[in-house]
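Given next are the chains, with one letter for each unit.
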Amino acid sequence: MYRQFLAALIVVSGSTVWSQSFSGFTAGNIVVSRSVYGGSAGVLAVGQPLPPVCPSSASCGNAKATDSGGYPSLNSPNNVWNNNIVDGSFGIASPVFLDQLTPSGTPVSTLAVPTSMVNTSFSSKSELSLNLSADGTALTFMAYVAPANTFDVSNANTPMVYDPTNPAGASYFRAVVQVAANGAIQLTPTNSFSGNNGRAAILANGLYYMAGNGNNGSGTPANVVASEGVQVAIPGQALATPPLPIGDFSVSQVINPATGLPYPPDKLGKDNNFRGLTVFNNTLYVTKGSGGNGFNTVYQVGDKGSLPSLANAASAAFTVLPGFPITLAKASGAQYPFGIFFANAGTLYVADEGDGTTANAAASTTSGLQKWVLSNGVWTRVYVLQNGLNLGQPYTIANYPTSLNPATGGLRNIAGKVNGDGTVTIWAVTSTVSANGDQGADPNQLVAIADVLANTSATAAAAEKFTILRTANAGEVLRGVVLAPVAGATPAVNVPLILSATNPGATALSPGSMATAAGQFSTSPSPTVSIVDSTGVATQAPFAAVTSSLITFLVPSTVAPGTAQVMVTSGAVTQTASNVQISTVAPAIYTANGLGLAAAQAIQVSAGNTQTAQLTYQTDSNGATIARPVALSSGTNTYLVLYGTGIAAAGTALTTATINGVAATVVYAGPAGAGSGLDQVNILVPAKLAGAGNANVQLIAEGHAANPVEIILQ
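Since this is a predicted model, take the numbers as computed values, not measurements. (Residues numbered from 1 in each chain as written. Predicted model: local features only at pLDDT ≥ 70, side-chain atom pairs only at ≥ 80, totals over all residues. Heavy atoms only, no water.)

K.L.:
Teacher, can you tell me more about the overall build of the protein here?
P.N.:
On a plain count of helices and strands, the protein comes out with 3 helices and 46 strands. Over its C-alpha atoms the protein spans a radius of gyration of 26 Å, differing by no more than 12% from the 27 Å that the globule rule assigns to 714 residues. Seen through its principal axes, the protein has C-alpha atoms that stretch 90 × 55 × 55 Å. Sorting the 714 residues of the protein into buried and exposed places 60% on the buried side. Pairs at least 24 apart in sequence give 64% of the contacts found in the protein among residues at least 6 apart. Here the protein displays about 24900 Å² of accessible surface, and carbon together with sulfur accounts for 54% of that area. The positive charge centre, built from 21 side chains, and the negative charge centre, built from 26, are 3 Å apart in the protein. (Helix = DSSP H or I, 4+ residues; strand = E, 2+ residues; numbered from the N terminus. Rg over C-alpha atoms; globule rule 2.2 N^0.38 Å. Buried < 20%, exposed > 50% of the residue type's maximum accessible area, 1.4 Å probe, protein only. Contact = heavy atoms within 4.5 Å. Areas by Shrake-Rupley, 256 points an atom, 1.4 Å probe, with all protein chains shown as cover. Lys, Arg positive; Asp, Glu negative; His and termini not counted. Charge placed at Lys NZ, Arg CZ, Asp CG, Glu CD.)

Written out as structure tokens, the structure reads:
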């Protein structure tokens, strides 16, 4: 059984292809973030319960997949994105690519970010914004520490900020990914934006400033609200670090000019649903352009000329830039700002993505590229550039159903450069409108325009026109755009991501458990992994598998608890991960698919002590791994046998479980094989759960929660 699980793990990680030929970014080029859908009909079967691992404390409903995982095609009516209609959290984790292009759009090279490290959520349209660090030597973006083809990660919780009312019941870190000019990657997982997505991050003053959203449940726990909005993180911080918010904003802080009274409060925390982010003249700015709460506008965060620090972040104030709208997002006339670029202290370009409706796209006077000019302390919108965007006009995509042909609705992320001839070049990624089940899945476009910096006349700008540099293929989406980073004084180095082998939400490793090092590795000569524990003792870790992007290893049983370093060495090159926490237990359960289906057995024992066993999963005709229902019957005891790692030290006495919220007796928790790193937990399934259907199984070992898994009970 263990070999089967390990083989499955290797197959998943083996899908990662790192372009060893990538030689770095070149100053003057641009970089575009792109994702490609990697699923197929085999990743999701019609009729499977959605959302995955929904806890009994949430409003789960009875939603089931209406379409398989197959991408829309000319030969099939199937459209995986129609599942968004029955599951508002629907998304499938997909790989991230950083495409280097010349300023005119000619392809140069591509850096494939290892899927063993992070993935984005196809089709969450507000993700993968790219930003340059304050010194220009690195680009940053946000993604998820979740395997490819995992479902609903963008609305899941984070490991340390759990909302029991969130129907997407799994937990995944949101991570800041820092990429240097030479392609070296450093990843920092965070607990920010639980229940929703991190949109943008920028490195300045040695800190990551992040913008995003949170909350996907019916309740609003204080810790979830605190994880929303604008956050700050320390590069390389420990996995268990709590979110650190930068200030807080509520519409009740603003006087309604129509009434002279403060606006009434909106849904708690949702005024902090931010999207775009930039730093200009050591000042932090963010935008809000989505949701039905707060103001869709542009904000200054903290004092002008002084970025928030760890010491004063909580007290930083949000200020709507003078002249920008304070129309409620749910009111008529609301705008939809996204990316922003300061050409200078008095000229600000704002991308507006439109309201997302086909009927309004062509007639919009605000979507596109807005130009704002500062005069006497007040910002004024002088014109909106739309020529060449062909707003509301559908375009065709090869091998894509014509019924889903998208049209441009506006612009999302942008990058800009002030030229020596007095013009400003703006590169932008378009938003779309279509009949797709989720418009975020539409193949969109990269466009560019040159604007005369000093111009403030719409008439004079009428001849300026967007050029389409690139249109995404079927199965692709374009997300962020930025100028290429430049090399720093010291070459950047890769930092491996160290995680539990099967629970990406675990905040620690335990002695004797299986773990992974994810990143970019040379496999010749064969690498070694060593762990320097909290006592300073270095121990080499045995391997289970090695690829150029993932090393699976056994944490030696002698490693002491506390903060450790993990070092991956190949030849003369050593990559070091610090702040790795070693705990006595770190429970993790093996799963059979991206829906959290338990890779487990059910053993039924009759009154005559006859035993029958079945797997809790099976394969359908499309190759999809689906649940195999477990029938509970009177007079028969049914035991669920889970397999995992990091559990054995807790033992049976300190391990508990619930199934569908009902306490279930753990009759055994311990090693499945001496020295293998594989653990086993046997749970007596309560007979009263007969007919429960989709059931969430939650294991707790010595107070630490494992990743939730699901089974189906008849």
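There is more to say after this.
K.L.:
When you look at the state of the cysteines in this model, what are you seeing that I'm missing?
P.N.:
Structurally, a disulfide amounts to a covalent bond that connects the sulfur atoms of two cysteines. A complete count under the given rule lists 1 disulfide for this structure. The disulfide partner of Cys-54 is Cys-60, and the gap between their sulfur atoms is 1.9 Å. With the S-S dihedral at roughly -90°, the linkage between Cys-54 and Cys-60 falls on the left-handed side. For Cys-54, a relative accessible area of 7% puts it in the buried group. (Disulfide = S-S within 2.5 Å.)

K.L.:
Quick question: what am I supposed to make of the sheet that holds strand β9 (residues 185–190) here?
P.N.:
Sheet strands line up and pair through hydrogen bonds in the backbone, either parallel or antiparallel. In space, the 4 strands of this open sheet follow the order β6-β7-β8-β9, with antiparallel pairing throughout. Looking at the sheet topology across the chains shown, the edges are occupied by β6 (131–132) and β9. In the sheet, β6 pairs with strand β7 (residues 138–144) via 2 bridges, with the strands oriented antiparallel. From the neighbouring strand, Leu-132 faces β7, where its bridge partner is Leu-139. (Pairing = 2+ DSSP bridges.)

K.L.:
Can you help me understand the side chain of Asn-29 in this one?
P.N.:
Following the sequence through the fold, Asn-29 ends up in the loop between α1 (2–13) and β1 (30–36). Beyond its immediate sequence surroundings of up to four residues, Asn-29 is in contact with Gln-100, Leu-101, Thr-102, Pro-103, Val-108, Val-482, Leu-483 and Ala-484.

K.L.:
What should I look at first to understand the pattern of salt bridges in this one?
P.N.:
Oppositely charged side chains can form a pair if their charged atoms are brought close together. For the structure on display, the rule yields 7 salt bridges. The closest approach of N and O atoms between Asp-451 and Lys-371, which form a salt bridge, is 2.9 Å. Of the two residues, Asp-451 sits in strand β24 (residues 445–452) while Lys-371 sits in strand β20 (residues 368–375), which places them 80 residues apart along the sequence. Both residues of the pair, Asp-451 and Lys-371, belong to the buried class. (Salt bridge = Lys/Arg side-chain N within 4 Å of Asp/Glu carboxyl O.)

K.L.:
What is the right way to read empty space enclosed by the protein from this model?
P.N.:
With a probe scaled to a water molecule rolled over the atoms, the places where space remains empty come into view. One pass over the structure, following the stated rule, counts 2 cavities of 30 Å³ or more. One number sums up the size of the largest cavity: a volume of about 50 Å³. Taken together, Gln-48, Pro-49, Asn-593, Leu-595, Leu-597, Ala-627, Asn-694, Glu-710, Ile-711 and Ile-712 make up the lining of the largest cavity. Broken down by element, the lining of the largest cavity gets its largest block of residues, 3 residues, from strand β46 (residues 709–713). Residue composition of the lining of the largest cavity, grouped by class: 6 nonpolar, 3 polar and 1 charged. Of the voids in this model, the second largest cavity is the one considered here, and its volume is about 40 Å³. Asn-296, Thr-297, Phe-324, Pro-325, Gln-335, Pro-337, Val-350, Asp-352, Gln-370 and Trp-372 are the residues that line the second largest cavity. Secondary-structure elements contributing two or more residues to the lining of the second largest cavity are β19 (347–352) and β20. Its residues assigned to classes, the lining of the second largest cavity comprises 5 nonpolar, 4 polar and 1 charged. (1 Å grid on protein atoms, 1.4 Å probe; cavity = no way out; pocket = protein on both sides within 12 Å on 5 of 7 lines; lining within 4 Å. Points joined across faces, edges and corners; volume = space filled by probe spheres on them. Nonpolar A, V, L, I, M, F, W, Y, C, P; charged D, E, K, R; others polar.)

K.L.:
Hey, could you run me through the sheet that holds strand β3 (residues 96–101) in this one?
P.N.:
Reading across the sheet, the 4 strands line up as β4-β3-β1-β26 and stay open at both edges, with antiparallel pairing between neighbours. Two strands lie at the open edges of the sheet, namely β4 (107–113) and β26 (476–483), each paired on one side alone. On average, each strand axis in the sheet is inclined to that of its neighbour by 25°, with strand direction left out of account. (Axes fitted to C-alpha atoms, helices over the stretch in contact; angles between N-to-C directions.)

K.L.:
When you look at the pairing of β1 in this model, what are you seeing that I'm missing?
P.N.:
It is a general feature of regular strands that their side chains alternate between the two faces of the sheet. Across the 7 residues of β1, 6 count as buried, placing the element largely inside the fold. Here β1 runs beside β26; their pairing, made up of 6 bridges, is antiparallel. Residue pairing across strands places Arg-34 opposite Leu-478, the latter belonging to β26. Note that β1 and β3 share 6 bridges and pair antiparallel. Note on β3: the bridge partner recorded for Ser-33 is Leu-98.

K.L.:
Looking at this model, I keep getting lost on unusual backbone geometry. Mind explaining?
P.N.:
Most peptide bonds take the trans form, and the phi angle of most residues other than glycine is negative. Geometrically, the link from Leu-50 to Pro-51 is a cis peptide bond, its omega value of -10° lying close to zero. Here the residue pair Ser-524 and Pro-525 is connected by a cis peptide bond, since its omega of 5° sits within 30 degrees of zero. One non-glycine residue, Asn-609, adopts positive backbone phi at about 70°. Residue placement: Asn-609 occurs in the loop between β36 (601–606) and β37 (611–615).

K.L.:
Explain the nonpolar core here, please?
P.N.:
Within soluble globular proteins, side chains that are nonpolar generally end up buried alongside one another. Judged by nonpolar contacts, the single largest core of 37 residues is most densely connected at Tyr-209, Ile-246, Val-286, Phe-324 and Leu-348. With residues near it in sequence (within four places) discarded, Phe-324 still touches Thr-297, Val-298, Leu-348, Val-350, Trp-372 and Trp-379. Of all hydrophobic cores here, the second largest spans 29 residues; its members include Ile-647, Ile-659, Val-709 and Leu-713. (Core = buried A, V, L, I, M, F, W, Y, C linked by side-chain atoms within 4.5 Å.)

K.L.:
So what exactly am I meant to see when it comes to the side chain of Asp-87 here?
P.N.:
By secondary structure assignment, the location of Asp-87 is in the loop between β1 and β2 (92–94). Of the side chains with opposite charge, Arg-174 lies nearest to the buried Asp-87, which makes no salt bridge, at 13 Å. Residues contacting Asp-87, with those up to four places away along its chain left out, are Leu-50, Pro-51 and Asp-152.

K.L.:
It is not clear to me how the layout of surface pockets should be interpreted in this structure. Could you clarify?
P.N.:
Taken as a whole, the second largest pocket holds about 640 Å³ of empty space. Lining the second largest pocket are 34 residues, and of these Ser-124, Lys-125, Ser-126, Arg-199 and Asp-438 lie nearest its centre. The set of elements that each furnish at least two residues to the lining of the second largest pocket consists of β22 (407–418) and β23 (423–433). In terms of residues, the lining of the second largest pocket owes the most to one element, β23, which gives 3 residues. For the lining of the second largest pocket, the residue count by class is 3 nonpolar, 23 polar and 8 charged.

K.L.:
Which parts of the structure should I look at to understand the environment of Pro-525?
P.N.:
Residue placement: Pro-525 occurs in the loop between β28 (514–518) and β29 (528–532). For the pair Pro-525 and Trp-372, spaced 153 residues apart in sequence, the C-alpha separation works out to 56 Å.

K.L.:
Honestly, the confidence of the model for the protein in this entry has me stumped. Any pointers?
P.N.:
Any residue range with low pLDDT should be treated as having predicted coordinates unsuitable for detailed reading. In the predicted model, the protein carries a mean pLDDT of 94, and 97% of its residues have values of at least 70. This stretch, residues 1–20, has a pLDDT under 50; its non-local contacts, to residues over four places away or in other chains, come to 32 contacts. (pLDDT = per-residue confidence, 0-100.)

K.L.:
How should I be thinking about the pairing of strand β40 (residues 636–645) in this particular structure?
P.N.:
Of all 10 residues that make up β40, 7 are buried, and the element is covered over most of its length. The sheet contact formed by strand β35 (residues 588–589) and β40 spans 2 bridges and is antiparallel. Counted as the bridge partner of Ala-588 is Thr-645 from β40. Two strands pair when backbone bridges link them, and β36 and β40 are joined in this way by 6 bridges, in the antiparallel orientation. Bridging from a neighbouring strand, Gln-604 pairs with Thr-638 of β40.

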